[in-house]
Amino acid sequence: ERAQVTVLATTDLHARLLHHDYGTDQPAELGLSKLATLIKQARRDTPDLLLIDCGDNIQGTPLAYYFNRKNNTPPHPMMVAMNALGYLSLTPGNHEFNFGLSVLEKARRESSFPWISANTYRTGTDEPAFTPYLIKEVSGVRVGILGLTTPAIPNWENPENYAGLEFRPLVSEAKKWVAHLRGQEHVDAVVVAAHCGVEENLATGRMTPGDFAGENAALALAREVPGIDLIFLGHTHRDIPANVVTGVILAQAGRWGDRIARADLTITRENGGEPWTLLAKTSRTIPVTPAVAPDPEIVALAEPYHREAQTWLSRQI
């Protein structure tokens, strides 16, 4: 038997809900409204594809600022759109914490999918603050999706915005949870949805200047954590179609919804017996271009939010 698992990942959308640049007040070749067209096209060919997000989602535009600070009553516009698109998970990034835990938790409650982060804990306990992972079955293949959040948040964030939480190192936590997924949950493939990036120059081996210790650890995860098949990255806003490190594929979908990352895993087994074996895997990034039309459903959902934010932005001061 043979099965194919397709995973799409967005990251660092930074509340680019619409194909609109609020700085110039002009249309732009980016945003979830355009990515939605690519997502729906892919889903027509592969109805059981998995759609995930790697964080820095609810902050980054005047629209987000307005509905986080000025009018936090309606459901968060990003969650409304992501619910409609059938996202499976969101890994919280550092910018999820910018407006405090009440704004974060409200958006989290309004999502129809779990926020996953295996290395974020209640301070001084072994209680995860978020769902650590989720498992989806595709054509009989059990896929584990593990969330990891950059632990450098205390270097940037106001302490009150993450009160009661601590962020543990990425590699040690990944080792623990991947072993759990493989040993106790008996998954056939492990996908990591990480809000972190590549920590060194691949040509020189030098660490990225300005990074905090442990902020980015993609290469260490690939090299040191057995059992990972695929890592979707975020945080550093890079376009990485496919890097293969010790057999692990690394992919990253840029920033602001200017592209989406896609990975395809081909998995096989003999005579219907266990276990499944990974036969092949590939990844690529698909850019948003002028030829990609905005999705009418997401535009319609976004329009009331956009109109209210534009009214606020247009006030004379």
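The paragraphs below set out a description of the structure included in this document. In this text the structure is predicted, and so the values were computed from the model without any measurement. (Residues numbered from 1 in each chain as written. Predicted model: local features only at pLDDT ≥ 70, side-chain atom pairs only at ≥ 80, totals over all residues. Heavy atoms only, no water.)

## Overview of the sheet that holds strand S8 (residues 141-149)
Judged by pairing direction, the sheet is mixed, and its six strands sit side by side in the order S7-S8-S10-S11-S13-S12 without closing on themselves. Whereas interior strands pair on both sides, the edge strands pair on one side only; in this sheet they are strand S7 (133-138) and strand S12 (239-245). Neighbouring strand axes in the sheet, compared pairwise and without regard to direction, differ in orientation by 20° on average. In the sheet, S8 pairs with strand S10 (residues 189-195) via seven bridges, with the strands oriented parallel. Within S10, the position partnered with glycine 144 by the bridge is valine 190. Where helix H5 (residues 170-183) meets the sheet, its contacts fall on S7, S8 and S10, and the angle it forms with S8 comes to roughly 160°. (Pairing = 2+ DSSP bridges. Helix = DSSP H or I, 4+ residues; strand = E, 2+ residues; numbered from the N terminus. Axes fitted to C-alpha atoms, helices over the stretch in contact; angles between N-to-C directions. Contact = heavy atoms within 4.5 Å.)

## Focus: the pairing of S8
Most of S8 is tucked away: eight of the nine residues are buried. Linking two consecutive strands that pair antiparallel, namely S7 and S8, is a turn of two residues; a positive phi of about 50° is found at serine 139 within it. (Buried < 20%, exposed > 50% of the residue type's maximum accessible area, 1.4 Å probe, protein only.)

## What about the pattern of salt bridges?
Applying the stated criterion across every chain, the model contains 16 salt bridges. Residue lysine 40 pairs with aspartate 295 through a salt bridge whose shortest N-O separation is 3.0 Å. Of the two residues, lysine 40 is situated in helix H1 (residues 32-45) and aspartate 295 in the loop between strand S15 (277-287) and helix H7 (296-313); the sequence distance between them amounts to 255 residues. In this structure, the salt-bridge partner of arginine 168 is glutamate 166, at a minimum N-O distance of 2.8 Å. A relative accessible area of 24% places glutamate 166 in the partly exposed class. Among the charged side chains, a salt-bridge network with shared partners connects Lys40, Asp295 and Glu297. (Salt bridge = Lys/Arg side-chain N within 4 Å of Asp/Glu carboxyl O.)

## Section: the packing of H1 against helix H3 (residues 77-85)
Close contact between H1 and H3 brings their axes to 11 Å; oriented N to C, the two are set at 10°. In terms of orientation, H1 lies roughly parallel with respect to H3. At the point where H1 passes H3, the crossing takes the right-handed sense. Where H1 approaches H3, its residues Leu32, Ala36, Ile39, Lys40 and Arg43 are matched on the opposing element by Met78, Ala81, Met82 and Leu85. A breakdown of the residues in the contact of H1 with H3 according to their chemical character gives seven nonpolar, no polar and two charged. (Parallel < 35°, antiparallel > 145°, perpendicular 65-115°, else oblique. Left-handed = near helix turned anticlockwise from the far one by under 90°. Nonpolar A, V, L, I, M, F, W, Y, C, P; charged D, E, K, R; others polar.)

## Focus: the state of the cysteines
For the structure shown, the criterion picks out zero disulfides. Here cysteine 196 stays free of any disulfide, with the sulfur of cysteine 54 as its closest cysteine sulfur at 9.2 Å. (Disulfide = S-S within 2.5 Å.)

## Some remarks on unusual backbone geometry
Backbone geometry at alanine 15 places phi at a positive 60°, although glycine is not the residue there. Along the chain, alanine 15 falls in the loop between strand S1 (2-10) and strand S2 (20-21). The class for alanine 15 is buried, based on a relative accessible area of 1%. A positive phi is found at threonine 246, a non-glycine position, where the angle reads about 45°. Relative to the helices and strands, threonine 246 is located in the loop between S12 and strand S13 (248-253). Overall, the relative accessible area of 57% leaves threonine 246 in the exposed class.

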